[in-house]
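A closer look at the structure
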Amino acid sequence: MNKTVEAMDVIAICCPKYKDRPQIARVIRKTSSGYSIHWMAGSYSGPWAEAKKRDGRKLVPWVDTIKESDIIYKKIALTSGHKLTNRVAQNLRALYAAKEGTKS
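This brings us to the packing of aromatic side chains. Throughout the structure, instances matching the rule amount to 0 aromatic pairs. Its guanidinium or amino end placed over the ring of Y35, K30 lies 4.8 Å from that ring's centre, counting from NZ or CZ. The ring of Y44 is capped by R93, whose NZ or CZ atom sits 4.1 Å from the centre of that ring.

Below, the structure is given as structure tokens:
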């Protein structure tokens, strides 16, 4: 897990607010306080795409900044269909279940 995160890497983030689905984002760049990320939308079994949010009438990329400590899985490789591999999906489920156990 001590791989370095670079721009364009796909990572998983622990965000208790949205614990019903995996939180995956693409790194835009490293900042002084952590990383600037572009959220992605999808599910364990479905395809992933970069998330958009509404800004008035137009859709804009959903960009955020996170701390290094929020990252629970680095360098996720999506399949050619932009889906999670079975191994990664199982790892993420286990990681999120472990995080749930430590919170309560």
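What follows is about unusual backbone geometry. A positive phi angle, close to 75 degrees, is found at M8, a residue other than glycine. Among the secondary structure elements, M8 is positioned in the segment before β1 (10-13). You can call M8 exposed: its relative accessible area is 57%. With a phi angle near 55 degrees, K75 is a residue other than glycine that sits in the positive phi range. Mapped onto the fold, K75 is located in the loop between β8 (71-73) and α1 (86-103).

What follows concerns the pairing of strand β6 (residues 58-61). With 4 bridges connecting them, strand β5 (residues 52-55) and β6 associate as antiparallel partners. Looking across to β6, one finds that K53 is bridged to V60. In textbook terms, the turn of a hairpin is the stretch between consecutive antiparallel strands, and for β5 and β6 this stretch comprises 2 residues, one of which, G56, has a positive phi near 70 degrees.

Let us now look at the pattern of salt bridges. Oppositely charged side chains are able to pair whenever their charged atoms sit close together. All chains considered together, the criterion is met by 5 salt bridges. When the shortest N-O distance is used, the salt bridge between K67 and D70 registers 3.9 Å. A salt bridge links E68 to K74, with the nearest nitrogen and oxygen atoms 3.2 Å apart. One connected set of salt bridges, linked through shared partners, spans E6, D9 and K75.

Our next topic: the pairing of strand β2 (residues 24-30). One ladder, built from 3 bridges, connects β1 with β2; its direction is antiparallel. Residue pairing across strands places I11 opposite A25, the latter belonging to β2. The loop that links β2 with its antiparallel partner strand β3 (residues 35-41) comprises 4 residues.

Reading the values: the criteria
- Residues numbered from 1 in each chain as written.
- Predicted model: local features only at pLDDT ≥ 70, side-chain atom pairs only at ≥ 80, totals over all residues.
- Heavy atoms only, no water.
- Phe/Tyr/Trp six-rings, centres within 6.5 Å; stacked < 30°, edge-to-face > 60°.
- Lys NZ or Arg CZ within 6 Å of the ring centre and 35° of its normal.
- Helix = DSSP H or I, 4+ residues; strand = E, 2+ residues; numbered from the N terminus.
- Buried < 20%, exposed > 50% of the residue type's maximum accessible area, 1.4 Å probe, protein only.
- Pairing = 2+ DSSP bridges.
- Salt bridge = Lys/Arg side-chain N within 4 Å of Asp/Glu carboxyl O.

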